[in-house]
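Spelled out from the first residue to the last, the chains are:
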Amino acid sequence: MPMPREPLPCGEAVEAAISKVLAAEGEARESVIACRRQAEERLEIARREARLISERCERRMQAIRQGHAQVLAERLSAFQKESNQFKKSYVPTIEELARLRHAVATLAGECIGDTQ
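What counts, and where the lines are drawn
- Residues numbered from 1 in each chain as written.
- Predicted model: local features only at pLDDT ≥ 70, side-chain atom pairs only at ≥ 80, totals over all residues.
- Heavy atoms only, no water.
- Helix = DSSP H or I, 4+ residues; strand = E, 2+ residues; numbered from the N terminus.
- Buried < 20%, exposed > 50% of the residue type's maximum accessible area, 1.4 Å probe, protein only.
- Areas by Shrake-Rupley, 256 points an atom, 1.4 Å probe, with all protein chains shown as cover.
- Expected span 1.5 Å × (residues − 1).
- Salt bridge = Lys/Arg side-chain N within 4 Å of Asp/Glu carboxyl O.

Draft legend 1. View of the overall build of the protein chain. Check the secondary structure of the protein chain and you find two helices and zero strands. Within the span of the protein chain, comprising 116 residues, buried residues form 2% of the whole. As displayed, the protein chain has an accessible area near 11,400 Å², and 60% of this comes from carbon and sulfur atoms.

Here it is in structure tokens:
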């Protein structure tokens, strides 16, 4: 047995339903656009913050590198000054030469048996 057909809705009801669907679709489209805009703004803010963090980090690393470079330069300079002291030829003083002559003369006298 065939099912009885329901009567088709009247034209005004169909028009109202279509208008309601189109309005909802428009609102949904506007909502999607607004969400996209909001997401883009948040993304731009996040990128800006990431750039700031990166720049701050780079400045800190540069300061640390400069500090270490300065300390290393100071230590190298100190080592160079210290090593320069070892490179200089030694020139004995007059007093040291006199003591050395006396010591050599005394040793030579002891070796040959001089009892002066």
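Draft legend 2. Geometry of helix α2 (residues 94-112). Taking 1.5 Å of rise per residue, the 19 residues of α2 would be expected to cover 27 Å, and the 27 Å separating its terminal C-alpha atoms lies within 8% of that figure. For α2, a buried count of one out of 19 residues is recorded, marking the element as mostly open to its surroundings. Downstream of α2 by one or two residues, G113 has phi in the positive range, about 85 degrees.

Draft legend 3. Examining the pattern of salt bridges more closely. Under the criterion given, the structure shown has three salt bridges. R29 serves as the salt-bridge partner of E25, at 3.3 Å between the closest nitrogen and oxygen. Residue E25 and its partner R29 are located together in helix α1 (residues 11-87), separated by four residues, close to a single helical turn. A salt bridge links R65 to E58, with the nearest nitrogen and oxygen atoms 3.0 Å apart. On the basis of relative accessible area, R65 is assigned to the partly exposed category, the value being 42%.

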